[in-house]
Amino acid sequence: MTIELTSTNASAIAAALLAERRKAGSPSMGMVMTLLVVTDEGDHYDALKVAKSVSREHPSRILGVIKRSARGAANLDAELTIGGSGESVLLRMTGELTRHPESVVLPLLLPDSPVVVWWPRKAPDDPAADPLGALAQRRITDAAAMERGRTQAILTQSRSYADGNTDLSWTRITPWRALLAAALDQYPARIRGGVVAAERSNPSADLLVAWLTDCLGVAIERETSKGPGITSVTLQTGGGPIEIARPDGLLAEFTIPNAPNRPVALKRRDLAELLAEELRRLDPDDIYAETVKRLCKIADATGRTPAKPAARPSSTGSDGPSVADPKRSPTSAAKLAKAQKPSDRDAIPARSTATKASAKRPGTKKTPAKKAARSR
Amino acid sequence: MTTTEIAGRTPAPNPLRDERDRRLPRIAGPCGMVIFGVTGDLSRKKVMPAIYDLANRGLLPPGFALVGFARRDWATQDFAKIVHDSVMEHARTPFREEVWNQLSRGFRFVPGDFSDDVAFDQLHDVIAELDRERGTAGNHAFYLAIPPRFFPDVIDQLKKHGLADPVAGAWRRLVVEKPFGHDLASAMELNSVISDVFPAESVFRIDHYLGKETVQNILALRFANQFFEPVWNSNYVDHVQITMAEDIGIGSRAGYYDGIGAARDVIQNHLMQLMALIAMEEPVSFDAQSLRMEKQKVLRSVRLPNRLDLTTSRGQYGPGWAGGVKVGGYLQEEDIPSTSTTDTFAAIKLEIDTRRWAGVPFYLRTGKRLGRRVTEVAVVFKRAPHLPFDKTATEELGENAAVIRVQPDEGVTMRFGAKVPGTAMEIRDVNMDFAYGGTFVESSPEAYERLILDVLLGDPPLFPQLEEVELSWKVLDPVIEYWSSHGKPDTYPSGTWGPQSAVDMLARDGRVWRRP
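**Comments concerning the overall build of chain A**
Here's step 1: Helices and strands together make up the secondary structure of chain A, namely 15 helices and 14 strands.
Here's step 2: Within chain A, the fraction of its 376 residues that count as buried is 46%.

Structure representation (structure tokens):
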């Protein structure tokens with residue numbers, strides 16, 4: 001059932017929601033969170049549809065926020081839908097109100113329960129500083145949803161990382177990461193280097209490179225392929241390569257040394273699945289935090305233009321291991337320290353990234369990755 | 001000291017794993033599964049769809065192999081067809097061609113009888129071939145989806161043909177379904193057959209109730225919260241009712257059900273396990289051993305009342321109208337002898353002799369053709385010791401209750417008193433519901449998925465071990481013995497909540513059954 005309220009305000013919306021719940025005869029609420037979806041006229045239908053399907057696993061109040069023209073008088077229109085496993089309200093704001101969306105949203109948040117904000121398309125450069133983002137403990141962006149400048153988008157998000165931020169490009173590589181971890185379970189060997197191949201502009205591949213670099217302490221190269229998405233990951237070991245190749249976006253070939261090649265389904269997941277995974281955990285994702293920090297270091301060393309001139313110091317400096325990665329566990333910090341001298345720790349992965357990011361760039365050294373691996 | 005030296009002593013930790021990284025799912029290592037009894041309901045409706053769903057979620061290892069074994073003149077593609085049909089009909093996740101391709105390449109079928117040496121030789125070869133071609137690395141689980149009378153044959157054959165002995169570094173596991181015997185003696189006998197061949201930690205007894213989200217939620221509810229535990233004892237709890245009711249009859253299970261009955265079929269395993277989870281003390285940790293230890297402590301302290309005639313009830317459904325449909329009674333079911341005294345309803349009262357539960361009866365009941373299909377655990381609290389209201393004000397106030405709804409409509413209900421709106425002070429029971437989200441969503445795994453994955457991972461907390469099985473039989477055996485020598489079950493009309501004797505049994509204690 002849908003109810004339209006025009007030129008309304010938050011308390012009228014709250015009253016309408018309560019009235020509808022009562023009318024439905026079930027005044028108790030099983031909703032566990034509020035999901036803010038910041039969207040626009042073009043996308044709201046699809047975005048809210050995804051949010052509603054996820055609401056079956058995580059019953060939530062969905063608040064869709066559409067900022068319309070900032071000109072004219074301040075006005076708020078609302079569209080309420082009740083039923084299923086939650087409630088959803090689409091808020092259309094015009095005029096000066098577009099600069100104060102939090103004033104509408106704040107009174108509509110479910111009491112004493114988590115708030116998640118999701119930008120299905122364009123996200124603010126610093127989500128935690130955004131007035132809506134500040135209301136939430138989980139802020140979900142999607143660098144891959146940008147029509148252009150995706151690589152830059154994930155870098156921007158990485159630089160402005162704050163606890164609770166996460167990007168769906170990161171969620172997309174969970175199955176890859178799981179398979180790679182499983183491969184190393186099955187074939188525990190020291191990794192000497194590796195390659196991630198993906199289509200040219202793919203934030204997930206950038207994150208995968210950063211994650212592998214961070215975990216393995218070796219140079220991981222990035223190759224460009226035709227896609228779709230990530231097409232292969234190869235890790236070099238003394239006994240041969242560990243490889244997961246997925247040329248078609250559906251079925252991957254899984255190779256580890258001393259075992260037959262095996263097919264494994266590695267489907268690119270749809271938005272609802274990604275969002276559901278995000279909502280399963282609402283605490284800060286430490287691994288993501290470490291990965292984006294690494295991504296920034298790689299980018300800095302490659303000489304990519306930083307997103308903002310005032311990048312956070314912690315993500316640019318190349319201090320000693322303990323200072324740079326205060327959250328790292330002692331074992332991995334020690335591992336890294338042993339692997340490389342602190343001074344060139346940040347430089348090694350970066351150099352290799354130079355090769356991968358643009359093979360065309362003149363003056364690239366010959367196979368620095370291999371050298372780096374050997375120097376260990 | 002070089003890294004290899006370190007690695008030689010303890011396996012180096014996987015650098016891609018980090019315990020803080022909770023997104024990474026647990027994927028089973030390289031392995032395969034052999035199903036005995038591929039044509040049965042259990043395989044077709046539960047096991048095979050669950051395997052597909054696991055593959056679809058990316059939780060099966062690459063190269064997973066599924067071997068069917070049955071007395072059919074089939075080739076592997078016939079077997080694949082059976083799996084395909086069962087997946088199409090019963091899988092919870094959408095059918096995806098690429099997942100199917102991945103999975104079906106690991107299918108093999110071995111035709112043969114359970115006493116057929118040639119067939120088991122062939123099984124041995126097939127498994128060796130899978131290790132070579134699919135990289136299953138010698139890890140195989142044998143799933144016995146067959147009636148228990150065939151267990152000894154199959155287990156002997158597995159032993160004889162060297163299928164039960166893993167090579168170094170690999171594992172062989174045995175998966176069995178209930179019933180785990182039909183009394184203590186037969187359970188012990190069955191176990192001696194199994195433990196001759198498989199060590200205790202390689203035997204996985206599936207009680208699918210323990211794989212259910214809501215059952216696992218009992219542990220979360222009790223031990224992650226502050227406000228349940230202080231009242232979770234005989235100071236505040238009046239009694240506990242555990243109900244598992246089905247609205248259907250025995251259907252086509254006459255051969256299995258007759259002579260077994262409701263108490264053996266349900267109380268001994270599902271209800272006793274639920275009771276153990278509700279009543280146990282807090283485990284030191286949530287590993288298999290600590291959990292098991294606490295469950296065993298509870299089961300060991302269970303005591304039957306002295307007068308079984310006054311504290312138990314059994315029934316058999318008669319003809320009647322169930323949910324608007326006219327149905328026949330148990331004795332009219334196909335293949336049931338007209339003299340059968342099998343119980344289709346059973347209710348028993350148990351006491352737990354611990355400080356926490358002394359004096360708190362646990363009422364367990366189960367039955368077929370009852371009012372509706374429901375499984376729930378209701379912890380009913382004592383009335384407030386003093387009510388500062390007029391007597392008339394609280395006339396309609398019952399006892400507070402915390403109800404864990406296991407199925408359907410999973411969730412938790414709290415029942416407490418609230419004022420009826422109006423000028424008079426009148427207090428009445430109200431229910432507060434928590435519905436467990438995600439029940440029907442693709443992402444919430446079914447009990448079998450969880451359990452099969454746990455078998456492949458070798459993660460045993462959710463599987464009852466021999467000791468628990470034997471302890472439950474020890475509790476139930478005297479009841480069944482008493483019943484077999486005293487009269488026959490009371491008939492109750494189909495579609496009702498059981499025989500009058502069940503009502504009387506609680507009335508003697510001044511209590512009533514909840515209508516779940």
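**Overview of the sheet that holds strand S11 (residues 230–237) of chain A**
Residues and elements named next belong to chain A.
Here's step 1: Strand order in the open sheet made by the 6 strands is S10-S9-S11-S12-S13-S14, with mixed pairing throughout. The open sheet terminates on both sides in strands that have one partner only, identified here as strand S10 (220–224) and strand S14 (262–265). Shown here is a sheet whose adjacent strand axes are inclined to one another by a mean of 20 degrees, direction ignored.
Here's step 2: Bridge count between strand S13 (residues 251–255) and S14: 4 bridges; the pairing is antiparallel. The residue bridging Leu251 from the neighbouring strand is Ala265, located in S14.
Here's step 3: Along the sheet face, helix H7 (residues 203–216) touches strand S9 (191–198), S10 and S11 and points at about 175 degrees away from the line of S9.

**Things to note about the pairing of strand S4 (residues 75–83) of chain A**
All names here are of chain A.
Here's step 1: Two elements, strand S1 (residues 2–5) and S4, share 4 bridges in a ladder whose sense is antiparallel. If you follow Leu5 over to S4, its bridge partner there is Ala78.
Here's step 2: Here 9 bridges tie S4 to strand S5 (residues 86–94), and the two strands are oriented antiparallel to one another. Considered in S5, the bridge of Ala78 is made with Leu91.

**Thoughts on the packing of H7 of chain A against helix H9 (residues 286–302) of chain A**
Residues and elements named next belong to chain A.
Here's step 1: It is at 8 Å that the axes of H7 and H9 come closest, and there the two elements cross at 100 degrees. Taken together, the axes of H7 and H9 lie roughly perpendicular to each other. Along its contact with H7, which presents Asp206, Leu207, Ala210, Trp211, Thr213 and Asp214, the element H9 presents Glu290, Thr291, Arg294, Leu295 and Ile298.
Here's step 2: Its residues placed into classes, the contact of H7 with H9 shows 5 nonpolar, 2 polar and 4 charged.

**Things to note about the interface of chain B and chain A**
Here's step 1: Facing 40 residues of chain B, the contacting portion of chain A comprises 37 residues.
Here's step 2: Those elements that provide at least two residues to the side of chain B that touches chain A are helix H4 (97–104) and strand S17 (427–435) of chain B.
Here's step 3: Each residue belonging to the side of chain B that touches chain A can be placed in one class, and the counts come to 16 nonpolar, 12 polar and 12 charged.

**Description of the environment of Ala75 of chain B**
All names here are of chain B.
Here's step 1: Tracing the backbone shows Ala75 in the loop between strand S2 (65–70) and helix H3 (76–90).
Here's step 2: Classification of Ala75 by C-beta neighbours within 10 Å gives exposed; the count is 11.
Here's step 3: Between the alpha carbons of Ala75 and Arg108 there is a distance of 8.3 Å; along the sequence they are 33 residues apart.

**Some remarks on the sheet that holds strand S6 (residues 115–118) of chain A**
Residue and element names in this part refer to chain A.
Here's step 1: The strand order across the open sheet built from 8 strands is S1-S4-S5-S3-S2-S6-S7-S8, with neighbouring strands paired in mixed fashion. Of all strands in the sheet, those with a lone pairing partner are S1 and strand S8 (165–167), marking the two edges. Neighbouring strand axes in the sheet, compared pairwise and without regard to direction, differ in orientation by 15 degrees on average.

**A short note on the confidence of the model for chain B**
All names here are of chain B.
Here's step 1: Summarising the model, chain B shows a mean pLDDT of 88, and 96% of its residues fall at 70 or more.
Here's step 2: Scored below 50 in pLDDT, residues 1–10 makes 4 contacts in the model with residues more than four places away or belonging to other chains.
Here's step 3: Considering only residues more than four positions removed or in separate chains, one finds that residues 438–442, a stretch of pLDDT under 50, has 10 contacts.
Here's step 4: The complex prediction reports pTM at 0.80, with the ipTM value standing at 0.76.

**A closer look at the nonpolar core**
Here's step 1: Ranked by internal contacts, the top residues of the largest apolar core, which has 179 residues, are Leu208 of chain A together with Tyr143 of chain B.
Here's step 2: Here this core gets 12 residues from one element, more than from any other, and that element is helix H10 (residues 261–279) of chain B.
Here's step 3: Ignoring anything within four residues of it in the chain, the contact list for Tyr143 of chain B reads Met33, Val34, Ile35, Phe36, Val47 and Val175 of chain B.
Here's step 4: Of all hydrophobic cores here, the second largest spans 42 residues; its members include Met31, Ile66, Val117 and Ala272 of chain A.

**Some thoughts on the confidence of the model for chain A**
Reading predicted coordinates in detail is not appropriate for stretches of low pLDDT.
Here's step 1: Looking at chain A, the pLDDT average stands at 80 and 78% of residues meet or exceed 70.
Here's step 2: Confidence drops under a pLDDT of 50 for residues 305–376 of chain A, and excluding neighbours within four residues, the segment shows 88 contacts in the predicted structure.

**Some points on the packing of H10 of chain B against helix H14 (residues 466–485) of chain B**
Residues and elements named next belong to chain B.
Here's step 1: Interaxial distance between H10 and H14 falls to 10 Å at its minimum, and their mutual angle equals 145 degrees. Crossing geometry of H10 relative to H14 is assigned as right-handed. Counting all contacts with H10, which are made through Ala263, Arg264, Ile267, Gln268, Asn269 and Met272, the residues of H14 involved are Ser472, Trp473, Leu476, Val479 and Ile480.
Here's step 2: Broken down by class, the residue content of the contact of H10 with H14 amounts to 7 nonpolar, 3 polar and 1 charged.

Calculation notes
Residues numbered from 1 in each chain as written. Chains lettered and ligands numbered in written order. Predicted model: local features only at pLDDT ≥ 70, side-chain atom pairs only at ≥ 80, totals over all residues. Helix = DSSP H or I, 4+ residues; strand = E, 2+ residues; numbered from the N terminus. Buried ≥ 20, exposed ≤ 12 C-beta atoms within 10 Å, placed from the backbone. Pairing = 2+ DSSP bridges. Axes fitted to C-alpha atoms, helices over the stretch in contact; angles between N-to-C directions. Contact = placed C-beta atoms within 7 Å. Parallel < 35°, antiparallel > 145°, perpendicular 65-115°, else oblique. Nonpolar A, V, L, I, M, F, W, Y, C, P; charged D, E, K, R; others polar. pLDDT = per-residue confidence, 0-100. Core = buried A, V, L, I, M, F, W, Y, C linked by C-beta atoms within 7 Å. Left-handed = near helix turned anticlockwise from the far one by under 90°.

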